[in-house]
Amino acid sequence: MAQLAHLPADSDIAAIQALLDRDGAVIIDDVMTPALLAQLRAELAPFIAQGNAGRDEFSGFRTRRIGALMARSAACRDLALDPLVNAACAAWLGPYCDGYQLHFTQATSIGAGETPQMLHRDRGVWGGHISRKIETQFSTIWAVTDFTAANGATRVVPGSQRWAAGREAEPHEIAAAEMTAGSVLLYTGSVLHGGGPNETNAFRTGVLLHYTLGWLRQEENQYLSCPPEIARDFSPELRALIGYSKGGYTLGFFSTPNGPGEPGLETAPPEMLFGEKPLPKFDQRFVSARELIQQTS
Ligand SMILES: O=C(O)CCC(=O)C(=O)O
Ligand SMILES: [Fe+2]
């Protein structure tokens, strides 16, 4: 049976990078404080209680999925900005972009009797149009409940990020991402994985927060899931992370849709919608990410 490596929450970025490179995935144990985990559970519970099961094999007939997590949960906002995750993300995606952004937010609650989700690569959301030389994603699944092989722990195929597209995993090549509640699975857009079968009577809940290159289209439309009237109350860092920032020199500007003679902005960075100047964050983040990569290569 294949296994995934576990690292402690005080690990350095080089160790995380090395395992992502080798296996395409790694588990960081016990990252959340008990208080944050309790808050997360309380904030998600009412949405999960009213959530609908999926409508096809991929989304799962016994799995509930809840999006718009930045708008709906302060604990999820903290997780999205987690410093260790962001440092690891910057190091992983830095070679392919000038900035990264939040791509997808979803709580997945796998219910009793759910069958295994088809193994897949998350980079499939862009079709086959992007060369495998480009890493498209850095993804996290935060364990809200314990993840066990019996209750639907995510299944991951270590090393499959380098496999030919059509190669299928043998049972012994598939690992169960078993982890305690409060831990986080980190994985890439190129590694085969899928939700596991749930043979217990309780839900297995995870929070999926995925990040992508600043120049790619986000899977979850953050401007609709988290429109400006909600994002207005967020920190500038979080707003920039969810996409209210440019993804390149001109990428992502806006102009005010005003009428003739009315005041407005022309080719403005998104931060100006909120009366702010752009953060130097992407430059700073990526300078430090590049330094990290140089130190570790
Ligand atoms: O919930 C999980 O364990 C993984 C789900 C997944 O990979 C997906 O829906 O793309
Ligand atoms: Fe997936």
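Keep in mind that this is a model prediction, so the values were computed, not measured.

## So, the confidence of the model for the protein
Interpretation of this model should avoid reading the predicted coordinates in detail wherever pLDDT is low. Taken residue by residue, the protein gives an average pLDDT of 92. The fraction at 70 or more is 94%. Low confidence marks residues 282-290, where pLDDT is under 50. Its contacts with residues over four positions away, or in another chain, come to twelve contacts.

## Comments concerning the sheet that holds strand S8 (residues 184-188)
Taken in spatial order, the seven strands line up as S1-S2-S8-S5-S10-S4-S3 in an open sheet, and their pairing is mixed. For this open sheet the edge positions go to strand S1 (6-7) and strand S3 (63-66), each flanked by a neighbour on one side alone. Note: S3 against strand S4 (residues 100-110), four bridges, orientation antiparallel. Among the inter-strand pairings, Ile66 is bridged to a residue of S4, identified as Ala107. Packing of helix H2 (residues 34-50) onto the sheet brings it into contact with S3, S4 and strand S10 (204-213), and relative to S3 it is tilted by some 125°. Relative to strand S5 (residues 137-143), helix H5 (residues 83-93) is tilted by about 155°, and along the sheet it contacts strand S2 (25-28), S4, S5, S8 and S10.

## Notes on the site of ligand 1
Around ligand 1, the neighbouring residues are Thr108, Gln117, Asp122, Ile141, Thr154, His193, Gly194, Gly195 and Gly206. For the shell around ligand 1, a count of residues per class yields one nonpolar, seven polar and one charged.

## Remarks on the sheet that holds strand S9 (residues 193-194)
Spatial strand order, S7-S6-S9: three strands in an open sheet with antiparallel pairing. Each edge of the open sheet carries a strand with a single partner, namely strand S7 (175-176) and S9.

## Comments concerning helix H1 (residues 13-23)
For H1, the full list of buried residues reads Ile13, Ile16, Leu19, Leu20 and Asp23. Down the axis, H1 shows its buried residues gathered within 130° of arc, on one side only. Positive phi shows up at Gly24, right after H1, with a value of about 85°.

## Looking at H2
Helix length check: H2, at 17 residues, gives a terminal C-alpha distance of 25 Å against a target of 24 Å (1.5 Å per residue), a fit within 8%. If you look at H2, its biggest bend is around 35°, right at Leu44, and the proline Pro46 turns up within four residues after that. Taken as a whole, H2 has its buried residues at Leu37, Leu40 and Leu44. Next to the buried residues of H2 lie S3, helix H4 (74-80) and S4.

Parameters and conventions
Residues numbered from 1 in each chain as written. Chains lettered and ligands numbered in written order. Predicted model: local features only at pLDDT ≥ 70, side-chain atom pairs only at ≥ 80, totals over all residues. pLDDT = per-residue confidence, 0-100. Contact = placed C-beta atoms within 7 Å. Pairing = 2+ DSSP bridges. Helix = DSSP H or I, 4+ residues; strand = E, 2+ residues; numbered from the N terminus. Axes fitted to C-alpha atoms, helices over the stretch in contact; angles between N-to-C directions. Near = placed C-beta within 6 Å. Nonpolar A, V, L, I, M, F, W, Y, C, P; charged D, E, K, R; others polar. Buried ≥ 20, exposed ≤ 12 C-beta atoms within 10 Å, placed from the backbone. Arc of directions from axis to C-beta. Expected span 1.5 Å × (residues − 1). Bend = angle between axes of the 7 residues up to and from the residue.

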